[in-house]
Amino acid sequence: MMMNPEHETLRVELRAVSKRYPNGTLASDGVNLQVRRGEIHALVGENGAGKSTVMKMLYGLEQPSDGSILLDGEVRQLRTPAEAIAAGIGLVPQHLQLLPSFTVAQNVVLGSEPSRFGLLDQRAAIERVRAVSRRFGLEVDPRALVAGLSLGEQQRVEILKTLYRGASLILLDEPTAVLTPSEAQALFTALRALTAQGLTVLLITHKLSEVLDVSDRFTVLRGGRVTGHDEARAVDAARLTEMIVGRALAPLQVEHSSKRGLGLPALFSARGIGLRRPDGRAQLNDISIEIAAGEILGIAGVEGNGQGALADVLGGLRAPDHGRALLDGQVVTGAGVRAARAAGLAAIPEDRLHNGVAADMSIADNAIAGAYHRQPLSRLGWLNAGATQDMARRLMARYGVAARGPEQAIGALSGGNMQKIVLGRELDGAPRFLIASQPTRGVDLGAAQALRRYLVELRDSGAAVLLISSDLDEVLELSDRIAVLSQGEIVGHFNGGASAAELGAYMTGARRQAGAAALLDSPFSGEVAA
Ligand code: ADP
């Protein structure tokens, strides 16, 4: 009898694998997954669908409660990461875990050092790492210090580390979340080269394009179950979205027109904003931006380039060392949050778990944070419990928040529902200017699209919106104009028409417009008009 040819080529198979965590959560519910040798296979699904749990079981970090894992057709038990590594499995973590003060070679061989008389043999390490790097076409200087590498290069080192240990199945968890577009492209070129040599790649991704354009096949998880799988070329974005979300999502069609381009006055303007770190280095340098009523200005940039500081300063939370910002003629910089809010400013904080909500408090209590000084919620300093509950109920209904009721602790909600409460609370005061920092990070496709729609509606109602997002697709979709932030400076302004690749070159600092900081005074002169 002939062997089933498909069977022969399966690198990994999960057969009816279930995983129940000690707290009772059934994170995998009879999962069947087939990953063929030499393919890039995408694991997709909304938050909490069970993707990480599958990865953890494959890397020996969690044990299935039921079912079996087969590697190359044989049932295997992976009780620890060491056993997974021995079985040829490598994991590239989402948050890279290299030692910055060590060289690339030292990091790669760490834990499996070539030694002479028990001492680490540097030269041997460098040679071996160079050999692996050549063999797989992953260019990186083994002598370079990790501290000086970009995130994309550090990720390459993590991949090298798995290859050095003999991995032939590479697991990646949202590998492009922290990369620029060109770094992401380089990553997939490298992964393609690996699969061409017979290695197998299984990756978790939230980006449809990474399924459609670079994966061979995909498997969809929802609520711990496999709800679909197919060849990537057999589906389009709409169908894939439907498979992930469980229903069709009408595409968000955003029309763009730059109000500043039409010569309308700025509703919000910041001039020469500068902020120094305690050690004296510049965190923000001479930032000037202007936003008209009815306009979204997107700030694109790799995370950690001053986005957080910019949001804090413009939102009145931190006083800048230089410059000032005006909202409709009123100074908001250094005025304190309450004065900024009184001027019509609202903000969706980047780190909503720490700054946006009080996790232990109820939805109702969180719904009024920031609005507490407005009538009729507080009268003579006392909170009006009935009005608070009504407001929470109204927000829950208006924004489709899935929760038991206004008394439920907000910390128990999913990221998307929590963000809807924060956004709803901020929009409720009909702000004239909204600072939205990473508004959809960690939020499901369906909820993210609803949140984006609300931002566009706010814009269309005549508010000015500053969108700070490291999701370049989101910046491109929503913004009427785009400014790129790199190392605390605005290095480019774009009035529509810029491609992701072009913006990426500015994000990494590879390109900058001459005098970009000053360009907004005449935003459509010369090279700015893209
Ligand atoms: P995804 O990676 O798709 O977001 P996860 O595999 O992380 O999903 O989680 C699936 C479900 O299991 C979620 O409901 C999550 O809250 C739960 N979960 C994950 N890890 C644990 C754990 N260690 N203990 C209890 N529940 C967990």
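Since this is a predicted model, take the numbers as computed values, not measurements.

A. Expanded view of unusual backbone geometry. In this model, aspartate 286 sits at a positive phi of 50°, which is unusual for a non-glycine residue. Looking at the element boundaries, aspartate 286 is found in strand β14 (residues 282–292).

B. Broad picture of helix α18 (residues 500–507). Of the positions making up α18, those classed as buried are Leu503, Gly504, Ala505, Tyr506 and Met507. Buried residues along α18 sit against α7 (181–196), β15 (295–300), α17 (472–478), β23 (481–486) and β24 (489–494).

C. Quick look at the packing of aromatic side chains. For the structure shown, the criterion picks out three aromatic pairs. Here the aromatic rings of phenylalanine 268 and phenylalanine 433 are separated by 4.0 Å at their centres, their planes lie at 20°, and the arrangement is stacked. Of the two residues, phenylalanine 268 sits in strand β13 (residues 266–276) while phenylalanine 433 sits in strand β21 (residues 433–437), which places them 165 residues apart along the sequence. The pair phenylalanine 268 / phenylalanine 433 is uniform in exposure class, with both members buried. A centroid spacing of 5.1 Å and a plane angle of 80° characterise the contact between phenylalanine 494 and tyrosine 506, whose relative ring orientation is edge-to-face.

D. Local environment of the site of the ligand. Close to the ligand lie Tyr21, Asn23, Thr25, Ala27, Glu46, Asn47, Gly48, Ala49, Gly50, Lys51, Ser52 and Thr53. With respect to the ligand, the backbone of glycine 48 contributes an N or O atom lying 2.7 Å from an oxygen atom. In this structure, an oxygen atom belonging to the ligand sits 2.7 Å away from a side-chain N or O atom of lysine 51. Protein chains shield 65% of the accessible area of the ligand, which is 560 Å² for the free molecule. Tallying contributions element by element places helix α2 (residues 51–58) first for the shell around the ligand, with three residues. Its residues placed into classes, the shell around the ligand shows three nonpolar, seven polar and two charged.

E. Highlighting the domain arrangement of the protein chain. Here the protein chain is described as being made up of domain 1 (1–88 + 168–181 + 199–249), domain 2 (97–167), domain 3 (251–344 + 431–530) and domain 4 (356–430). Summing both partners gives a buried area of about 950 Å² for domain 1 against domain 3, and 60% of it is carried by carbon and sulfur. Considering only the side of domain 1, the residues that lose the most area to domain 3 are Thr180, Pro181 and Leu249, jointly responsible for 48% of the buried surface there. Where domain 1 packs against domain 3, one counts zero salt bridges. Our count for the domain 1 to domain 3 interface comes out at one residue pair in polar contact (both at pLDDT 80 or more). Per element, the largest residue contribution to the side of domain 1 that touches domain 3 is three residues, and it comes from helix α9 (residues 237–245). Residues that form the side of domain 1 that touches domain 3 fall into these classes: six nonpolar, three polar and two charged.

F. Representation of the sheet that holds strand β4 (residues 66–71) within the structure. Across the sheet, which stays open at both edges, the four strands sit in the order β2-β1-β4-β5 with antiparallel pairing between neighbours. A single partner strand is all that each edge strand has here, and the edge strands are β2 (26–36) and β5 (74–76). Strand-to-strand, the axes of this sheet are offset by a mean angle of 25°, without reference to chain direction. Bridge count between strand β1 (residues 10–20) and β4: five bridges; the pairing is antiparallel. Within the sheet, the bridge partner assigned to leucine 14 lies in β4 and is isoleucine 69. Of the strands in this sheet, β1, β2 and β4 touch α2, which is tilted by about 115° from β1.

G. Region of interest: the environment of glycine 298. You can see glycine 298 is positioned in strand β15. When its relative accessible area of 0% is taken as the criterion, glycine 298 is described as buried. A C-alpha to C-alpha distance of 14 Å links glycine 298 and glycine 504, two positions 206 residues apart in sequence. In contact with glycine 298, not counting residues within four places along its chain, are Leu467, Val475, Ser479, Arg481, Ile482 and Ala483.

H. Inspection of the environment of glycine 446 at higher detail. Its place among the elements puts glycine 446 in helix α16 (residues 445–460). Among the residues examined, glycine 446 registers a relative accessible area of 11% and is labelled buried. Spatially, the C-alpha atom of glycine 446 lies 22 Å from that of proline 175, the residues being 271 residues apart in sequence. In this view, glycine 446 contacts Glu46, Val245, Arg247 and Leu249; residues no more than four positions away in its chain are not counted.

I. Structural context of the nonpolar core. Within the largest apolar cluster, 37 residues are counted, with the highest numbers of intra-cluster contacts made by Leu434 and Leu478. Broken down by secondary-structure element, the contributors of at least two residues to this core are β18 (345–348), α13 (363–368), α14 (385–398), α15 (415–428), β21, α16 and β22 (464–469). Each of two domains, domain 3 (251–344 + 431–530) and domain 4 (356–430), supplies a minimum of three residues to this core. Those residues in contact with leucine 434 that sit more than four places away from it in its chain are Ala346, Ala347, Ile348, Glu426, Leu427, Leu455, Leu458, Ala464, Val465 and Leu466. The next biggest cluster of nonpolar side chains, apart from the first, holds 35 residues, and it includes Val104, Ala125, Tyr164 and Leu172.

J. Quick look at the sheet that holds β15. Strand order across the open sheet formed by six strands is β18-β21-β22-β15-β23-β24, with mixed pairing between neighbours. For this open sheet the edge positions go to β18 and β24, each flanked by a neighbour on one side alone. Across the sheet, the mean angle separating the axes of adjacent strands is 20° when strand polarity is ignored. The sheet contact formed by β18 and β21 spans four bridges and is parallel. Within β21, the residue paired with isoleucine 348 across the bridge is alanine 436. Where α18 meets the sheet, it contacts β15, β23 and β24, and its direction lies at approximately 35° from that of β23.

K. Structural context of helix α5 (residues 122–135). Relative to the 20 Å expected for 14 residues at 1.5 Å per residue, α5 spans 20 Å between its end C-alpha atoms, a close match to the ideal helical length. Taken residue by residue, α5 has Ala125, Ile126, Val129, Val132 and Ser133 as its buried positions. Taken around the axis of α5, the buried residues stretch over an arc of 130°, which confines them to a single face. Structural note: α5 exposes Arg123, Arg134 and Arg135 on the side pointing more than 90 degrees away from its buried face. Turning to α5, the residues buried within the fold contact α4 (104–109) and α6 (151–164).

Quick notes on the rules
- Residues numbered from 1 in each chain as written.
- Predicted model: local features only at pLDDT ≥ 70, side-chain atom pairs only at ≥ 80, totals over all residues.
- Heavy atoms only, no water.
- Helix = DSSP H or I, 4+ residues; strand = E, 2+ residues; numbered from the N terminus.
- Buried < 20%, exposed > 50% of the residue type's maximum accessible area, 1.4 Å probe, protein only.
- Contact = heavy atoms within 4.5 Å.
- Phe/Tyr/Trp six-rings, centres within 6.5 Å; stacked < 30°, edge-to-face > 60°.
- Near = heavy atom within 4 Å.
- Polar contact = N/O pair within 3.5 Å; in protein donor to acceptor, adjacent residues only side chain to side chain.
- Areas by Shrake-Rupley, 256 points an atom, 1.4 Å probe, with all protein chains shown as cover.
- Nonpolar A, V, L, I, M, F, W, Y, C, P; charged D, E, K, R; others polar.
- Domains from an automatic or database assignment.
- Buried area = accessible area lost by both parts, 1.4 Å probe.
- Salt bridge = Lys/Arg side-chain N within 4 Å of Asp/Glu carboxyl O.
- Pairing = 2+ DSSP bridges.
- Axes fitted to C-alpha atoms, helices over the stretch in contact; angles between N-to-C directions.
- Core = buried A, V, L, I, M, F, W, Y, C linked by side-chain atoms within 4.5 Å.
- Expected span 1.5 Å × (residues − 1).
- Arc of directions from axis to C-beta.

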